[in-house]
Every structure is written in C-alpha cells, then in structure tokens.
Amino acid sequence: MMPRRCNNGGSGREVISSKRLFRMTSSDRGVWQDAKTAADLLYHISEGFQKLRLWNSSFTTGGENENVDLVVSKLAERLKKTKTLEALSLNGNNLGEHVLTLAKALEKNTSLRFLEVRNNKISDNGAKAIANSLKTCNNLIFLNLSGNEISNDGVFEIGQSLEYNSTLTKLSLHHNRIEKEGALSLMRCIEKNKMVTALDISDNRIEGSNFAEIQAQLLLQLKANKNSQKRSFLEALKSGSGPWNRSKVFLIGEEASGKSATIQSLNGKSFDKDWEPYSYHPEYDRFEFETSADQSRWKQTRKHGRLHHTTRFAAKLAVDKLKCGGFQHEPEPDSEDMHTSLSAIEKSDTLLDAHIDSALSEYEGVSVFRNHHNNGITFSVFEYNENRNLIHKFHRLFFTTFGTYLIVFDMQKVLQKVKGAIEYLKFWFESIRFHAPEASIVFVGTFHDIVNSRGDLETISETLFCEVLSSQLFPFVAQNDCLWFYPVDNPNGLGLGDLHEVVLKTITIYGHSRKIVSIRWLHCLDELLNAASIGAPCLTLRDVTKCASMFGINSLAEISAMLNLFHEFGFVIYSTSTEALRRLVVLNPQFLVDSLNRVIVDCANMSQEAIDRIEKMGLKNDVEKLCQTGLATYDLLECIWGKDHVDYLVDVMREGMLFHDWSFRNTDKLFLIPSFLQDKVIGENETCQDEWSSKCIFDFSDRFLPAGVFQRLVCLCVSYSETIQSSKEPVCQKGWSKIYFGSMNVVVLSVSKDGNSISVAVTDQRRASFCVSLLTTMLRKLNEESLSGSLSWKTFIEHSNSRIPLEKVRNSRELKPWTKDNITPGIITSSIDLSGFDIDYSMS
C-alpha cells in the first residue's frame, strides 16, 4: 500500500504515513508547537493504523501543563476506543507522571500487543500504574520499560501483576535502578508465570557477582519456561481436547444493500466508497474472523501454514494448561532434547507424526503462542450474493443451525415500500426459521446516514413486526431496545458498536460455540482442507475414513459426528439422508454451486462447445425435451456431471427440492426440474380452477411454503396417477398442473400468487374427499421424510369466495362431496399405500 500524506492541521507541514504505520520523530517538532493541533492530529490519525510511533517528539517539553494534558488525554481517549492499533512506541518523550493517564487507558484497550515506553522518566509511580493495567490487559505480549528510573518498589508491583497476566511473553527493564532484591522477586514471579520467555534486567544497580549469578538463574528459568510451553504444545498436538470456541455468521441481502460494507466495518476498517467486494466464489464469499480475548473486537484472520486450525487449537489448549500450572512441578528437559522426548508419547501413525513435525516447524518459525493463544471466538462469515439467482434456489443446502443470520436490507426501500422489499425479507426470514429453526436472526438496516429520524426508524420497525414477523414475538430475533432491527451507517460508523455487540451475544448465548472437540479432529480437518487446496472438490467417505484412521479416529460413529460438526461450521458439506449423499464429502462448496449451475441455469444458455459435445453423444433431443417440458434424462445429467458424481448430485438436487423424480409410463429415468417449466397458459380445451364452484385449499400462510414442495407434491400425484391404467399424460406448467386419476377424474393443482397456499380442484366430485385425504397423506409423508416435520398447514374448502375449515364442512349439504365418505385428514394416513410409487421415499 502506498504511503499517504496527513495534513497537520495548518502548520504547513505534512507527515508521511501508511495505513499500517504512522511515524513522527524529532524532525517533526514543529507539529507540537500548537498543542490543540497536535492533539487533534493524534486523535484522528491513530484510528485505522496498526502501528503508531512517536519518538523524541517532545510534546511534553516547553508547553504549558494544560496543553500537555490535552495531548496525552487525546491519545489516551484513542487508546480506549481503537480496534486496530497493535503497536505503540512512545520512546524518548519525557512522559513522566503523564504515563498514569495512558496506563489507565491501557486497562480498557483490547487491541494493543506491543508497547514501548523507553526513556520517559516514568519512575516507580508510572511503573505501578502500568503494573496495575497489566492485571486486566489480556492482549499485551511485549513491554519495554527501559531507561525509566524504576527501582525495587516499581519492580515489586510489576512482578505481582505477572501473577494475573497470562499474555505477556517479553519484558525489558534494562537501564533502570533495580537492585538484587527486586531482581530476585521477578525471578520468583516468572517461576509461576510460565508465559514469560524473555526478560532483560541488564544495566541496573546489581553488583557484578550478584548479577552474574542472578542472570544465570534467570536464563535457566526462562529456558525452562520455553520448554514448558513447547512440551505443553506438543502434548496438546497429540491428545488434547477442549472447547473449540468457533461459530458461523451468515450475511444475506439484496445487491447493493450494504452487506460487504458491513463486513468491512465490523472488521474495524474504514469505509471506502471505491472498495470492491471480495469475490472468491460466484455465489458466496467466506471470511475468517477472530475476536479479542474479551470479545470486544473482530479481526480478520489469515491462514498460517498447512496446520492452521491444528496449531491454533493446540496453542490454546497448551496455554490453558499452563495457566492452571500444569507443569509447575514437572522436570523440564533441555530444548535440545524436546523433540526426542516425543518418543515417550505413544504414536499412532506416520501421518500424525508428519503433522507433529510440521506443527513443530511452525512453532519454531513463528511463535504460535504469540499468534494463536487468544481465548476469543473464531468464526466464519458467509456472504450470500443475492444478485445471483441460483443461491436463492438451493440456499437450504448451506443453512445450518449453528450460527447467526444477519438479514441486511436498505432502509430506504422498506420506508418507501419499494415493490418486493418486504416480500424479500419475509422469504429469507421464513427460510431461516424453516431450515435452521434454532438459529438467531438479526435484521440490519443500512443507509442510516440517510434514514436517521426516530419516526422513520419506528415506522420501519413496525413494518418488520407486522408484515415480516406477522405480529409475533420470536425469542431468536434480536431486538434493539424498541426496534426490531439494528440501523447502521457504514461510512461514519454509526450503530456498528451495537451490531457488533449483539452478534457476539447471539454467538455466545448458544452452546455450539463451546463444543468440545479432540485435537485429532483438527488434524483431520487440516488434512481435508489441504486436499481441497490442491484441487480435490470432494472425497469419498472411504477416503475420509482412511484419513481419520491415521489420527486414531476409527469409530464410524465418531467419524460421522466429526463430519456433521464440520458441516455445521461450514467447512464441508455432508449429509446422511441418503446412501449416495453419505458416501461423498464435499470439501469445496463451490463444486456444488458450479455443478448445479450447469443444469439449472446453463442448460438453457449453453455454449456452442457444450452443444457440440452433447450432439456428439446423441443427446440433443434430451436437451430440447428439458427446455420444453422441464424433464431431464439421467443420460443427460451423466453427460453434464460425469459418472463419478451423477448419483451424488442427483440426490443433492432431490434433497434440496431442486428437482423431483418423474415416473409416468417411462422406461427412462426422468427428473422434473421446476425452473424449466413454462408459465401457465391455459388452452381452449384446458380446465381452469375458477370454473369449479368449490375447491380445497391447503393454506401454509401461518408459516411458510418452501420452494419445491408444490412440485414434489405434483410428482407424487403423477406417480399415483401412473398406478391407474386409464390415466392420461399429465400436464405440468409453472405453478399449475393437471393430473388424471383415471380417465374421468381430473385433479388440478395450483399454487397461489403469494406462494402461501395450494388449491385443489376435482372434476369427479364423488372422489373429492378421497383426493383430499390422499393429498394430505402425501404432504404428511413429504413433511416427515424430507422436511423434518417443519411444515404446517390448515385445510379449507373454498366456496362462493369464502373459506370454511374442512372439519366444519360436514354439515353442509352443498359441500358434502368433500366429506361424504366421512374420511378426514389423519384417519386414512396409514390406509393409503404409497409404497407402490416409483419414488423411493428413503431417498427423498
């Protein structure tokens, strides 16, 4: 990134900086002549920077005390609020007593990891203030207090703080006024705190012989601490287990609704109107974030090495053990013998050995303790790109209960009642309720800089409550005081704090973020992800089982539990609902997106190359049949997907209700793909439901009618129709189907415009009650075996523009055909035999 110039507020000078580093030294003294200008400059430039270096700037020299206070207080204020600043260097500024203000701010800071306060004359009072902040500051790993006139009194306080602090690894007290007693007290403290691996007490007031003896003991103890860490890390790599501290966040929203900007804002990055969203995949983006130990900030993480997840988890387990004094009384081998000591630990297999060797190399090369021992929560953020139609069709394949769903919307559209805005929100709300019933939902309204009046916000909230939530209270929908959504202004950061807080709250309130996992599972996960990184989109269950056995995971039940957990957190896609799905583990979800896209979308817009290949295989007529009737042959699917994956992908499509088995006196295997059906056009000889005086209505408006249920019901009816010899060929169009139950009885099914009800009309009124019972049985069967019992509906008879509940129709002479056999839904559920249908329900 190129450096940028920060104007100093009118002094006529500019300071060169970059987004990562802001530096000001003695050559920039002119900036400090005006204390207010300096204070404002410090406050505004420090946010967004990772490093701030102010060396020998003398902002405490030559100015009035109140001006100095202003500069320091501004810097302290920024220290309390910053989410990005990781390194602060204030060497040579003669801070003196002003360090008390900065130390107080340090207690509330959650981002700073490196702090240098060399040569600032802070003395014992300053050392005590910093020591007090170390008791609560759980992010600092490096502290340099050299040249600060600190004596034993200050050192005693620093030593005591190390009994509470578990993150500091390096401490420099070079060139102070420490005497023998102070040095010995530090020694005793680091015997208890095994996180400290570097301590410099040179050039202090310790006599030569005493210093040599203390220094030798100190080096031995620091070496022992390093060995404790290493041994703990290696044992965790072998057999550790504990809470994974992991979750998942979904962002769903229309194009240009502000999803990507919201992700960047939550990540602590400044709004950039020219920023282009990431596009790793055509349909969704995935990001990894980690919270600070106190969960007050997010930071996007990057993969470190081949064993990214394993080393992070092992480091966390090792630190947790060290905090509990797990090695306090154990003999510590020399570091040279540490690798050899692994032979004392029983090994299981070559691959596990290789993983341990690789993790050890990473441990040596990059301090995994420094980078990975945070006790915060790590979570994946999935951004669904709603501007593409395909994800709308098979989102249910990716929705899982573990996680939080953010539904992002443009408040202007809801306020102005733009067509489709409310319907869009209701669709996704009901979809999440249906497919992830235990997950939390947070509505996020963007463009708060434009929609900012309290009245407008309350109007939007009322609209959401009445039209999306149907005036019902849902405990899993996050509330923002009196609002049902969280308004945010990404350019100016307004509202992001509340959103940040509620997301973390919803993540931690459910137990899934604290799932106990074995380190062996993480070894296996990294191995699977490494296979994906070199181009393997999926693996057979046999291959995964073989991989798992290399890490001592031999039970099929444990392997299934492991894969189910990886699926819940979005690492793989794995289902056990059918044999074909159980046999394959998808490592790269984009493989599914691309494969299904080739049929659902691309078949209607094929490239010439694809057309030529299909013609060469003699399948041109199959493509034409698909486009005209919505029926795909197995041979065509095999040509598009290949023999290895066709059965798996057929079951994925069937499971996601993207297509349905079609069986009507065909020797070929056929599948109905609803997206290819034409809009309903009723011909001269066709029968319209409006001609009937009465019809049956299955009303799903109390909850939700998922996409694909109507088409699956139609296919079940077609399968039943085939069992009756005199039945004619059915007619299927989008949202409307005409099916024959014999030569005389025509059943017309249609879905309402709002998509919340299915109507049924029957020509043979003598069979009306039987048809209602049959369709009810089919819906119940479908609900039980494909939708986990989440579907609910009410049954009405519509007559003269009024709806009458089915159970109240019995006394109506006019509507007697619907109940004349006294057969009502539920009575004949077990008496209708659906086993003769060609559809195998166990595969549905």
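Refer to the preceding data block for the structure.
Not measured: the values here are computed from a predicted model.

> Go over the overall build of the protein with me, naming the residues and quoting the values.
Counting secondary structure elements, the protein contains 27 helices and 30 strands. Looking at the protein residue by residue over its 844 residues, the buried ones come to 55%. Restricting the contact set of the protein to residue pairs at least 6 apart, pairs at least 24 apart contribute 77%. Per element, the accessible surface of the protein, about 36700 Å² overall, is 47% carbon and sulfur.

> Describe the sheet that holds strand β21 (residues 631-633), naming the residues involved and giving the relevant values.
By definition, the strands of a sheet pair up through backbone hydrogen bonds, in either a parallel or an antiparallel sense. Strand order in this open sheet of three strands is β21-β23-β22, and the pairing throughout is antiparallel. In this open sheet, the two strands that pair with only one neighbour each are β21 and β22 (660-662). Direction aside, neighbouring strands of the sheet carry axes that sit 40° apart on average. Bridge count for β21 against strand β23 (residues 670-672) is three bridges, and the pairing is antiparallel. By the bridge assignment for β23, Thr-633 is matched with Leu-670. Helix α23 (residues 620-629) contacts β21 and β23 of the sheet and is inclined by roughly 160° relative to β21. Against the sheet, helix α26 (residues 709-722) engages β22 and β23, with an angle of about 25° to β22.

> I'd like to hear about the nonpolar core, residue by residue, with values.
With 78 residues, the main nonpolar core has Phe-409, Phe-429, Phe-443, Val-477, Phe-485, Trp-662 and Leu-749 as its most contacted residues. Membership of the second largest hydrophobic core comes to 48 residues, among which are Ile-130, Ala-131, Leu-134 and Leu-218.

> Requested: an account of the side chain of Asn-152, with residues and values cited.
Relative to the assigned elements, Asn-152 resides in helix α5 (residues 152-161). What makes Asn-152 buried here is its relative accessible area of 11%. A polar contact of 2.9 Å, which involves the side chain of Asn-152, links it to the backbone nitrogen of Glu-179.

> Lay out the packing of helix α3 (residues 99-106) against helix α4 (residues 123-134) with the relevant residues and their values.
The relative placement of two packed helices comes down to the angle between their axes together with the axis-to-axis distance. The interhelical angle for the contact between α3 and α4, taken along N-to-C directions, is 5°, at an axis separation of 8 Å. Here α3 is positioned roughly parallel relative to α4, judged by the angle of their axes. Residues Val-99, Leu-100, Ala-103 and Leu-106 of α3 pack against Asn-125, Gly-126, Ala-129, Ile-130 and Ser-133 of α4. When the residues that make up the contact of α3 with α4 are grouped by side-chain class, the tally is six nonpolar, three polar and no charged.

> Explain the pairing of strand β11 (residues 246-253) residue by residue, including any values.
In terms of burial, β11 is largely enclosed, as eight of its eight residues are buried. Of the two faces of β11, both are covered, the one formed by Arg-246, Lys-248, Phe-250 and Ile-252 as well as the one formed by Ser-247, Val-249, Leu-251 and Gly-253. As judged from the five bridges shared by β11 and strand β15 (residues 404-410), these two strands associate in the parallel manner. Paired with Val-249 across the two strands is Thr-404, which belongs to β15.

> Tell me what's going on with the sheet that holds strand β27 (residues 746-751), and back it up with residues and numbers.
Read from one edge of the open sheet, seven strands run β25-β26-β27-β28-β24-β29-β30, paired in antiparallel fashion. A single partner strand is all that each edge strand has here, and the edge strands are β25 (731-733) and β30 (802-805). Strand-to-strand twist across the sheet, computed as the mean angle between neighbouring axes with direction ignored, equals 25°. Pairing of strand β26 (residues 736-740) with β27, which is carried by five bridges, proceeds in the antiparallel orientation. Bridge pairing links Tyr-740 to Val-746 in β27. In this fold helix α27 (residues 768-786) packs onto β24 (694-699), β27 and β28 (757-762), with an angle of close to 15° to the strand it touches most, β24.

> Please set out the packing of aromatic side chains residue by residue, giving values where relevant.
Under the counting rule described, the total for this entry stands at 22 aromatic pairs. Taking the centre distance of 6.0 Å and the plane angle of 35° together, the rings of Phe-429 and Phe-443 count as tilted. Here the residue Phe-429 occupies a position in helix α14 (residues 421-435), and Phe-443 occupies one in strand β16 (residues 440-446), the gap between them amounting to 14 residues. The pair formed by Phe-429 and Phe-443 is uniform in burial state, with each residue classed as buried. Taking NZ or CZ as reference, Arg-246 lies 5.4 Å from the ring centre of Trp-244, over its face.

> Pulling in residues and values, what's your account of the side chain of Arg-654?
Its place among the elements puts Arg-654 in helix α25 (residues 646-655). For Arg-654, the side chain forms a polar contact with the side chain of Asp-661, separated by 2.6 Å.

> Tell me about the packing of helix α8 (residues 259-266) against helix α16 (residues 496-509), residues and numbers included.
Closest axis-to-axis distance for the α8/α16 pair is 10 Å, and the angle between their directions is 85°. In terms of orientation, α8 and α16 fall into the roughly perpendicular class. When α8 is examined against α16, the residues Thr-262, Ser-265 and Leu-266 are found in contact with a partner set consisting of Leu-496, Leu-499 and His-500. When grouped by side-chain class, the residues that make up the contact of α8 with α16 number three nonpolar, three polar and no charged.

> Quick one: what's the story with α26, residue by residue and with numbers?
Relative to the 20 Å expected for 14 residues at 1.5 Å per residue, α26 spans 20 Å between its end C-alpha atoms, a close match to the ideal helical length. Within α26, 13 of the 14 residues are buried, which leaves the element mostly enclosed by the surrounding structure.

> Any chance you could break down the pattern of salt bridges for me, citing the residues and the numbers?
Enumeration according to the criterion identifies 18 salt bridges in this entry. Residues Glu-149 and Arg-177 are paired through a salt bridge, measuring 4.0 Å at the closest nitrogen-oxygen approach. You can see Glu-149 sitting in the loop between β7 (142-144) and α5 and its partner Arg-177 sitting in the loop between β8 (170-172) and α6 (180-192), a full 28 residues away along the chain. Close ionic contact of Lys-316 with Asp-320 constitutes a salt bridge, the shortest N to O distance being 3.0 Å. Taken together, the residues span about one helical turn, with Lys-316 and Asp-320 both in helix α9 (residues 308-323) at a distance of four residues. When its relative accessible area of 6% is taken as the criterion, Lys-316 is described as buried.

> Tell me about α25, and please be specific about residues and values.
Buried residues dominate α25, accounting for nine of its 10 residues. Taken together, the buried positions of α25 are Val-646, Tyr-648, Leu-649, Val-650, Asp-651, Val-652, Met-653, Arg-654 and Glu-655.

> Would you mind going over the state of the cysteines in detail, with residue names and values included?
By the definition in use, this model includes zero disulfides. Its sulfur unpaired, Cys-717 is 8.4 Å from the next cysteine sulfur, which belongs to Cys-771. For Cys-717, a relative accessible area of 0% translates into the label buried.

> Please set out the pairing of strand β29 (residues 794-799) residue by residue, giving values where relevant.
Here β24 pairs with β29 via six bridges, running antiparallel. Its bridge partner being in β29, Phe-698 is matched across the sheet by Thr-795. Here β29 runs beside β30; their pairing, made up of four bridges, is antiparallel. The residue of β30 that forms the bridge with Ile-797 is Ile-804. Between β29 and β30, which pair antiparallel in sequence order, lie two residues; one of them, Ser-800, sits at a positive phi of approximately 55°.

Here is what the cut-offs are and how they apply
Residues numbered from 1 in each chain as written. Predicted model: local features only at pLDDT ≥ 70, side-chain atom pairs only at ≥ 80, totals over all residues. Heavy atoms only, no water. Helix = DSSP H or I, 4+ residues; strand = E, 2+ residues; numbered from the N terminus. Buried < 20%, exposed > 50% of the residue type's maximum accessible area, 1.4 Å probe, protein only. Contact = heavy atoms within 4.5 Å. Areas by Shrake-Rupley, 256 points an atom, 1.4 Å probe, with all protein chains shown as cover. Pairing = 2+ DSSP bridges. Axes fitted to C-alpha atoms, helices over the stretch in contact; angles between N-to-C directions. Core = buried A, V, L, I, M, F, W, Y, C linked by side-chain atoms within 4.5 Å. Polar contact = N/O pair within 3.5 Å; in protein donor to acceptor, adjacent residues only side chain to side chain. Parallel < 35°, antiparallel > 145°, perpendicular 65-115°, else oblique. Nonpolar A, V, L, I, M, F, W, Y, C, P; charged D, E, K, R; others polar. Phe/Tyr/Trp six-rings, centres within 6.5 Å; stacked < 30°, edge-to-face > 60°. Lys NZ or Arg CZ within 6 Å of the ring centre and 35° of its normal. Expected span 1.5 Å × (residues − 1). Salt bridge = Lys/Arg side-chain N within 4 Å of Asp/Glu carboxyl O. Disulfide = S-S within 2.5 Å.

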